[in-house]
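The chain contents come next:
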Amino acid sequence: MGDLLLVRHGETAWSLSGQHTSWTDIPLTDHGREQARALAPLVGKYRVDAAFTSPRQRARETAALTGFADARVDDDLAEWDYGAYEGVTTVEIHRTRPDWFLFTDGVAAGSPEHPGESPAQVGARADRMLAKVDAALANTEGSVLLVAHGHFLRVLAARRLGLPAAAGAHFQLATGTVSRLSFEHGRPVVATWNLRPSA
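Keep in mind that what you see is a predicted model, and the values were worked out from it rather than measured.

Trainee: Describe the packing of aromatic side chains, listing the residues and the values that go with them.
Mentor: What describes a pair of aromatic rings is the distance from one ring centre to the other and the angle between the planes of the rings. Taken as a whole and judged by the stated rule, the model has four aromatic pairs. For the ring pair tryptophan 80 and phenylalanine 103, a centre distance of 5.7 Å and an interplane angle of 85° mean the geometry is edge-to-face. With tryptophan 80 in the loop between strand S3 (72-73) and helix H4 (90-94) and phenylalanine 103 in helix H5 (residues 102-105), this residue pair connects regions lying 23 residues apart in the sequence. By the burial criterion, tryptophan 80 is buried, and phenylalanine 103 matches it. Between phenylalanine 171 and tryptophan 193, the aromatic rings sit 5.3 Å apart at their centres with planes inclined by 55°, giving tilted as the arrangement.

Okay, here's the thing in structure tokens:
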């Protein structure tokens, strides 16, 4: 079975400022585009037979600049729905909720269109995506590539390893990075994590 490659999209103005960004569809910065282009040689080391991307433009543009303009768009790869915390920084949230922690507490309820997600809901969505990944891996000897977002990919990695969604807190993930989940003795393992092109 091939590997699962995880690419976090390049820098945006809000990733730079620390604002929570889920459905707000902002583009990459110029530096974010440079990050995405620099990922191409890293990802190019692998035979990728299936590629999926979040529907957000920052992920789709990263996929294209990394060499996967034809990546299949999948809504299950969207970022954690931050509800009322969309566009808000952790520092700002801590002014009224000093002990708040996304991976255990979830978010404050938002609008009917964007009510927010609990850690369990994000974990269930990650499980759905992993089922699609496994279906793709079963039909190829190559790898599967996912281009998505920091918090969602951290939860997905935790679920791949059989851990609860909240364990995603332990996987720091920077913009413009590639990570690789593989298998050893039939068990899922972290083979590479948070790799930057300059590393």
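This is not the end of the story, as more comes after the structure.
Trainee: So what about the environment of valine 88? Which residues, and what values?
Mentor: Mapped onto the secondary structure, valine 88 falls in the loop between S3 and H4. Each C-alpha atom, one on valine 88 and one on glycine 18, is 8.0 Å from the other, the two residues being 70 residues apart in sequence.

Trainee: Help me get a handle on the sheet that holds strand S4 (residues 143-148), residues and values and all.
Mentor: Where strands meet in a sheet, backbone hydrogen bonds hold them as pairs that are either parallel or antiparallel. Read across the open sheet, the six strands follow the order S3-S2-S4-S1-S5-S6; overall the sheet is mixed. Pairing within the sheet leaves two strands with one partner each, and these edge strands are S3 and strand S6 (187-195). In the packing of helix H6 (residues 119-137) onto the sheet, contacts are made with strand S1 (4-8), strand S2 (48-53) and S4, and the angle to S4 comes to roughly 150°. Across the face of the sheet, helix H7 (residues 150-160) comes into contact with S1, S4, strand S5 (177-184) and S6 while running at roughly 160° to S1.

Trainee: Before we move on, could you go through the layout of surface pockets and cite the residues and values that matter?
Mentor: In this structure, the largest pocket spans a volume of roughly 360 Å³. In terms of lining, the largest pocket is formed by 21 residues, of which the most central are Arg8, Ser15, Gln19, Glu79 and His151. Of all the elements in the fold, those that place two or more residues in the lining of the largest pocket are helix H1 (13-17) and H7. Taken together, the residues of the lining of the largest pocket sort by class into five nonpolar, 12 polar and four charged.

Trainee: How would you explain the environment of tryptophan 23 if you had to name every residue and give the values?
Mentor: Take tryptophan 23: it is sitting in the loop between H1 and helix H2 (30-43). C-alpha of tryptophan 23 to C-alpha of glutamate 79: the two residues are 56 residues apart in sequence and 7.4 Å apart in space. When near neighbours in sequence (up to four residues on either side) are disregarded, tryptophan 23 contacts Arg56, Asp81, Tyr82, Gly83, Glu86 and His114.

Each value, and the rule that gives it
Each chain carries its own residue numbering, running from 1 in the written order of its sequence. Selection of residues for local features in this predicted model requires a pLDDT of at least 70, selection of side-chain atom pairs for listing and counting requires 80 or more, and totals for whole chains, interfaces and linings are taken over all residues. Side-chain figures throughout are based on the complete set of non-hydrogen atoms in the structure, without hydrogens or water. Any Phe, Tyr or Trp ring, taking Trp's six-membered ring, that has another such ring centre within 6.5 Å forms a pair; planes under 30 degrees apart are called stacked, those over 60 apart edge-to-face, and the others tilted. The helix and strand labels rest on DSSP assignments: H or I over at least four residues marks a helix, E over at least two residues marks a strand, and numbering proceeds from the N terminus. Classification of residues uses two cut-offs on accessible area relative to the type maximum, computed with a 1.4 Å probe and protein chains only: under 20% is buried, over 50% is exposed, and between them is partly exposed. Any two strands with at least two DSSP bridges between them are considered paired. A contact between two residues is defined here by any heavy atoms of the two lying within 4.5 Å. Only the contacting stretch of a helix is used when fitting its axis, a line to C-alpha atoms as for every element, and angles between N-to-C directions run 0 to 180 degrees. Of the grid points, spaced at 1 Å and generated over the protein atoms alone, those admitting a 1.4 Å probe that cannot get out make up cavities, while open sets with protein on both sides within 12 Å along at least five of seven lines make up pockets; any residue with an atom within 4 Å of a point is treated as lining. Grid points are joined across faces, edges and corners, and a volume is the space filled by probe spheres set on the points. In the scheme used here, Gly and all other residues not listed as nonpolar or charged are polar, with Ala, Val, Leu, Ile, Met, Phe, Trp, Tyr, Cys and Pro taken as nonpolar and Asp, Glu, Lys and Arg as charged.

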